Amino acid sequence: MNTPTGAGKGAGSVTTVADVRRPGGNRAAGQGAWFLVLPALIPILVFSVGPLLYGVLLAFTDAQSGRTQATRWTGALNFQDLLHDTLFWESFRIGLVWAVGVTVPQFLLALGLALLLSQDLRLRGLARALAIVPWAMPEVVVGIMWRLVYNPDAGILNETLRDLGLGDGHDWLSGLATALPAVIVVGVWAGLPQTTVALLAGLQNVPRELHEAAAVDGAGALRRFRAVTWPSLRPVALAITALNLIWNLNSFALVYVLTGGGPGGKTRLPSLFAYEEAFRYGQFGYAAAMGCVLVAVVSVLLAVFLADRLRGGADA
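Residues numbered from 1 in each chain as written. Predicted model: local features only at pLDDT ≥ 70, side-chain atom pairs only at ≥ 80, totals over all residues. Heavy atoms only, no water.

Caption draft 1: Seen up close, the overall build of the protein chain. Helix and strand counts for the protein chain come out as 13 helices and zero strands. Counting helices and strands in the order they occur from the N terminus, the protein chain gives α-α-α-α-α-α-α-α-α-α-α-α-α. Classification of the 316 residues of the protein chain by burial places 32% in the buried group. For the protein chain, the proportion of contacts with a sequence separation of at least 24, taken over those separated by at least 6, is 64%. Counting every atom, the protein chain has about 19400 Å² of accessible surface; 65% of that belongs to carbon and sulfur. (Helix = DSSP H or I, 4+ residues; strand = E, 2+ residues; numbered from the N terminus. Buried < 20%, exposed > 50% of the residue type's maximum accessible area, 1.4 Å probe, protein only. Contact = heavy atoms within 4.5 Å. Areas by Shrake-Rupley, 256 points an atom, 1.4 Å probe, with all protein chains shown as cover.)

Structure below.
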């Protein structure tokens, strides 16, 4: 005897494909998906989206620390003041120099290191482990360590220069001409491991057969890199370079520990400038406006990168 459609469905019944295709089935599946995403979505809303929206609202007020009067809505006054704040735009110029100055050599050094670590070398596993040691160190620890290296009296750098007869040393982090280059060197060293790991992972996906075929055809190492390695590595290289540029533009802790933005503001990045306005001078509304400008610039960079990636995926 045939069982009528829908009969026999009890507590232990299983939803079939036909059930999902019914009008109510898609709605139920969508609601179930939201419940699964909700535990991960709540922390993002509370700790990321919420503070971001509050910061945007704060940028349109005259919020200050220690004032007894109520905070007032000032509209775009803070942004108008930013347009004429030469110190802020100078910090943006320094931030761009820092971001590019760290990202470009970081990528070139990481590419060379990744190519080296991809070879069949002795103790390759140990070398790979040592290469990511700086990545495991907090930025504050890295900053303190390099301050000791740059110490004008007992730092290892000046001691080495004295031993080699190359001078009596230099106060690297306090010199107007040397502070920013010295900080850039630390930034390159600190971010080198993550770029190396990303490029090394990309190199593992390059088919070995293509290298062997190119070698048989008489292609040298440079020719094989240009014709075989780079086309496969290019998407990973573009992704990690774009992310590094954004991360470096948002840098704070490393430079703050090394120089605090000095000397004379020569290493004052936009994030450091906003921090000083908020927590040294108490201008929370003005600092929030600086943060909004920085977020807008980073968002534009991220949008350009994502648009390029989506366009590249569509072309593929």
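Caption draft 2: Highlighting the pattern of salt bridges. On inspection of all chains with the given rule, the structure shows four salt bridges. For R93, the salt bridge goes to E90, with nearest N and O atoms at 2.7 Å. With a gap of three residues between them, R93 and E90 both fall in helix 4 (residues 86-117), about one helical turn apart. For E90, a relative accessible area of 32% puts it in the partly exposed group. Between R268 and E276 there is a salt bridge, with its nearest N and O atoms 3.3 Å apart. (Salt bridge = Lys/Arg side-chain N within 4 Å of Asp/Glu carboxyl O.)

Caption draft 3: Looking closely at a nonpolar patch on the surface. The grouping of F35, L38, I42, I44, L45, V46, F47, V49 and L53 at the surface amounts to a nonpolar patch, some 880 Å² of accessible area in total. Relative to the assigned elements, I42 resides in helix 2 (residues 23-58). Taking the relative accessible area as the measure of exposure, I42 reaches 43% and is therefore partly exposed. (Patch = residues over 30% accessible without salt bridge, like charges linked within 9 Å, V, L, I, M, F, W, Y side chains within 5 Å.)

Caption draft 4: Molecular detail of the packing of helix 9 (residues 208-216) against helix 10 (residues 221-249). For the pair helix 9 and helix 10, the least separation of the axes is 10 Å and the interaxial angle reads 150°. Judged by the inter-axis angle, helix 9 sits roughly antiparallel to helix 10. Relative to helix 10, helix 9 is oriented so that their crossing is right-handed. Along its contact with helix 9, which presents L210, H211, A214 and A215, the element helix 10 presents R224, V228 and T229. (Axes fitted to C-alpha atoms, helices over the stretch in contact; angles between N-to-C directions. Parallel < 35°, antiparallel > 145°, perpendicular 65-115°, else oblique. Left-handed = near helix turned anticlockwise from the far one by under 90°.)

Caption draft 5: Broad picture of the environment of V293. Within the secondary structure layout, V293 lies in helix 13 (residues 284-315). As a C-alpha pair, V293 and P270 span 23 residues in sequence and 9.5 Å in three-dimensional space.

Caption draft 6: Seen up close, the nonpolar core. Core analysis: the biggest nonpolar cluster contains 37 residues, and L82, F88, W98, V186, L258 and M290 have the highest contact counts within it. With eight residues, the single largest contributor to this core is helix 13. Contact partners of W98, with chain neighbours within four places excluded, come to V183, I184, G187, N248, S251, L254, V255 and L269. The next biggest cluster of nonpolar side chains, apart from the first, holds 13 residues, and it includes L111, L192, L199 and L200. (Core = buried A, V, L, I, M, F, W, Y, C linked by side-chain atoms within 4.5 Å.)

Caption draft 7: Structural detail: the side chain of S251. In this fold, S251 is placed in the loop between helix 10 and helix 11 (253-258). Among the polar contacts made by the side chain of S251, one reaches the side chain of W98 at a distance of 3.4 Å. Of the polar contacts made by the side chain of S251, one reaches the backbone oxygen of N248; its length is 2.9 Å. (Polar contact = N/O pair within 3.5 Å; in protein donor to acceptor, adjacent residues only side chain to side chain.)

Caption draft 8: Focus on helix 8 (residues 179-203). Counted at 1.5 Å a residue, the expected span for helix 8 with its 25 residues is 36 Å, and the 36 Å between its end C-alpha atoms agrees. When the local axis directions of helix 8 are compared, the greatest deviation, roughly 40°, occurs at L192, which is followed within four positions by the proline P193. Summarising burial for helix 8: 18 of the 25 residues are buried, a large majority. (Expected span 1.5 Å × (residues − 1). Bend = angle between axes of the 7 residues up to and from the residue.)

Caption draft 9: How the structure looks around the packing of aromatic side chains. The final tally for this structure, using the stated rule, is 15 aromatic pairs. Ring geometry for F88 against W89: centres 5.1 Å apart, planes inclined by 70°, an arrangement best described as edge-to-face. Ring centres 6.2 Å apart and planes at 70° place the aromatic pair F88 and F273 in the edge-to-face group. Pair noted here: F88 is in helix 4 and F273 is in helix 12 (residues 270-279), with a separation of 185 residues, a long-range link. With respect to class, F88 is no different from F273; both count as buried. A network of ring pairs unites the aromatic residues F252, Y256, Y275, F279 and F284 as a single cluster. (Phe/Tyr/Trp six-rings, centres within 6.5 Å; stacked < 30°, edge-to-face > 60°.)

Caption draft 10: Fine view of the side chain of N244. For N244, the location among the structural elements is in helix 10. If near-sequence neighbours (up to four positions away) are discounted, N244 is found in contact with T103, Q106, Q194 and T195.

Caption draft 11: Structural detail: the environment of L173. Along the polypeptide, L173 turns up in the loop between helix 7 (156-163) and helix 8. For L173, a relative accessible area of 12% corresponds to the buried category. For the pair L173 and R147, spaced 26 residues apart in sequence, the C-alpha separation works out to 8.0 Å. Other than its neighbours up to four places away in sequence, L173 contacts R147, Y150, A179, A182, V183, L258, T259 and P263.

Caption draft 12: Molecular detail of the confidence of the model for the protein chain. In the predicted model, the protein chain carries a mean pLDDT of 84, and the fraction of residues at 70 or more is 88%. In the predicted structure, residues 1-21 sits below a pLDDT of 50 and forms seven contacts with residues beyond four places in sequence or in another chain. (pLDDT = per-residue confidence, 0-100.)

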